[in-house]
Amino acid sequence: MFNKITYIRRRAELKRLVGNGVIVFFGNNESPMNYPANVYAPMRQDSTFLYYFGQKREGLVGIIDIDNDQEWLLGNDIDVDDIVWMGYTPSVSDLAAEVGVSKTAPLGQLAEIVNSKSSSSRHLHFLPPYRHDTMIQLMDLTGIHPSKQKEAASVELIKAVVKMRSRKELQEIDLIDRVCDIGYEMHIKAMDIIAPGKTEREVAGQVDGIARSLAQGNSFPTIFSQHGEIMHGSPSDALMEEGRLVICDAGCEIDGYASDNTRTMPVGGQFTQKQRDIYNIVVECHDYVLDVAMAGVKWADVHFAVARMMTERLKELGLMKGDVDEAVAAGAHAMFFPHGLGHMMGLDVHDMEGLGQIYVGYDDETRPNLEQFGTNCLRMGRRLETGFVVSDEPGIYFIPHLIDLWRKEGHCKDFLCFDKIEEYRDFGGIRIEDDILIMEGGCRFMGHKRIPYHPKDVEERMCNLPF
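Residues numbered from 1 in each chain as written. Predicted model: local features only at pLDDT ≥ 70, side-chain atom pairs only at ≥ 80, totals over all residues. Heavy atoms only, no water.

Undergrad: Go over the pairing of strand β1 (residues 22-26), please, and point to the residues and values.
TA: Of all five residues in β1, five are buried; the element is thus mostly enclosed. The side-chain alternation of β1 yields two buried faces, one formed by V22, V24 and F26 and the other by I23 and F25. For β1 and strand β4 (residues 61-65), the ladder comprises five bridges, and the chain directions are antiparallel. Note on β4: the bridge partner recorded for F25 is G62. (Buried < 20%, exposed > 50% of the residue type's maximum accessible area, 1.4 Å probe, protein only. Helix = DSSP H or I, 4+ residues; strand = E, 2+ residues; numbered from the N terminus. Pairing = 2+ DSSP bridges.)

Undergrad: Give me the packing of helix α11 (residues 273-292) against helix α12 (residues 299-316): which residues, what numbers.
TA: Across the interface, α11 lies against α12 with an axial gap of 10 Å and an inter-helix angle of 150 degrees. When the interaxial angle is binned, α11 and α12 end up roughly antiparallel. In this structure, the crossing between α11 and α12 has a hand that is right-handed. Facing α11, whose interface residues are I278, I281, E284, C285, Y288, V289 and V292, α12 presents W299, V302, A305, V306, M309, M310, R313 and L314. Here the residues of the contact of α11 with α12 are counted per class, giving 13 nonpolar, no polar and two charged. (Axes fitted to C-alpha atoms, helices over the stretch in contact; angles between N-to-C directions. Parallel < 35°, antiparallel > 145°, perpendicular 65-115°, else oblique. Left-handed = near helix turned anticlockwise from the far one by under 90°. Contact = heavy atoms within 4.5 Å. Nonpolar A, V, L, I, M, F, W, Y, C, P; charged D, E, K, R; others polar.)

Undergrad: Explain unusual backbone geometry residue by residue, including any values.
TA: For residues that are not glycine, phi is negative in most cases, and the peptide bond is trans in most cases. Note that the residue after A41, namely P42, is joined by a cis bond; omega there is -5 degrees. Here P42 is to be found in the loop between β3 (38-39) and α2 (47-53). The phi angle at D255 is positive, at roughly 50 degrees, despite the residue not being glycine. Along the polypeptide, D255 turns up in the loop between β10 (253-254) and β11 (257-258). Positive phi, normally seen in glycine, also occurs at M352, with a value near 65 degrees.

Undergrad: Talk me through the sheet that holds strand β9 (residues 245-250); I want residue IDs and the actual numbers.
TA: What the three strands build is an open sheet, ordered β8-β9-β12; its pairing is antiparallel. The open sheet terminates on both sides in strands that have one partner only, identified here as β8 (223-225) and β12 (261-266). Strand-to-strand twist across the sheet, computed as the mean angle between neighbouring axes with direction ignored, equals 15 degrees. Note: β8 against β9, three bridges, orientation antiparallel.

Undergrad: Give me the lowdown on the packing of aromatic side chains, citing residues and values where you can.
TA: This model, assessed by the stated rule, comprises eleven aromatic pairs. Both rings, one in F49 and one in F53, keep their centres 5.3 Å apart while their planes meet at 20 degrees; by these two values the pair is stacked. Here F49 pairs with F53, and both are found in helix α2, just four residues apart, close to one helical turn. Under the relative-accessibility criterion, F49 is labelled buried at 0%. The interplanar angle of 20 degrees and the centroid separation of 5.0 Å between the aromatic rings of F398 and Y424 together place this pair among those described as stacked. Here the residue F398 occupies a position in the loop between β14 (395-397) and α15 (400-409), and Y424 occupies one in the loop between α16 (418-422) and β15 (429-431), the gap between them amounting to 26 residues. Here a set of aromatic residues connected by ring pairs shows up, and it is made of F25, F49, Y51, Y52 and F53. (Phe/Tyr/Trp six-rings, centres within 6.5 Å; stacked < 30°, edge-to-face > 60°.)

See the structure below:
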């Protein structure tokens, strides 16, 4: 948690941006795993609630009455029965004082307080909920059915939150740097222990152990799989095999702020020439982003520049053909690169994605293309600003079912060399991902330590050779 002044200042700026009405922020509640008393722990607070109210305790609601300049923190104080099992927790009034909120009340008074502040002429602002218990709370408060709540959410509030959370403060940048340093340790652990005969789950478990011991847990469930062509492949009990590639996409978080890195490694410690050819294309694309990403540049332009570079290199390997610009316009590159180049980072690993990508990743200048395969997964296209933290994550994948479908349909047949692609059918996939801070005139890596990703450095690390 940052200092009290941070949260006072943030709420004051939010009131200025939204202008009028009553804002309600629902914190998260505990979530049972399989029966009420056995809950997922530690409880993960809602990110926007964290941003404005700072407290991690479950069962809290924040109210900001803009017109009357009043702020409330609602929640129930715990009793001695809870203290016996869970230990002492500060009172709601103590929690409120820590973040500069003057008014508190039990959670049962939520409707009374909100209704006393609201009228038909005053707007009740809330964000689109993503948890079903919150949807029920919101329905009890407003009468709006969960199926209608997303469209009823306040666009004014969404835009204000996106504006504030997009550009990271110096204290946020410092914390993300710290988290990325722990992310470095996670990926170095993977490189050091990957070996034929070990299971994916064994390595992933030790990677997760770093997140739990040095940070406050994972920022998302670790992706660790020899089936790198599966974007979100979970670790399995499969034994790792010499000569295969394994993807490790993992991150951690502290106070909600996340890291997110991906490395692709040869199980035996050495890339084959075939693997190296594809890997070097991904490296070139990854490093191109570092050269061109800066404030004022449109992220969609960077994405498509990478797509053209990738297409050109795949042509050189005989996997694609035809005019590069025409191939990218047709979406042929999405056979190999079916996702976007990157996403916002911050309090969420996909920062603010729950508020709607149309507001987070796009703006009035840049609009998404939801029709074309691959381009529809570009989570961000807007012009970059100083203080943005974004992921740089190009990848190349060979997805057998997608290959079969496009070949059967003749999709992009003028640009894809299907016979050659068939030779890579069991290749898997390669992704390299780092988090970068956007600045005037350039960008920089987040974190003070660089996870090896150039092929020579990866091989030397995995073979325990000095750099």
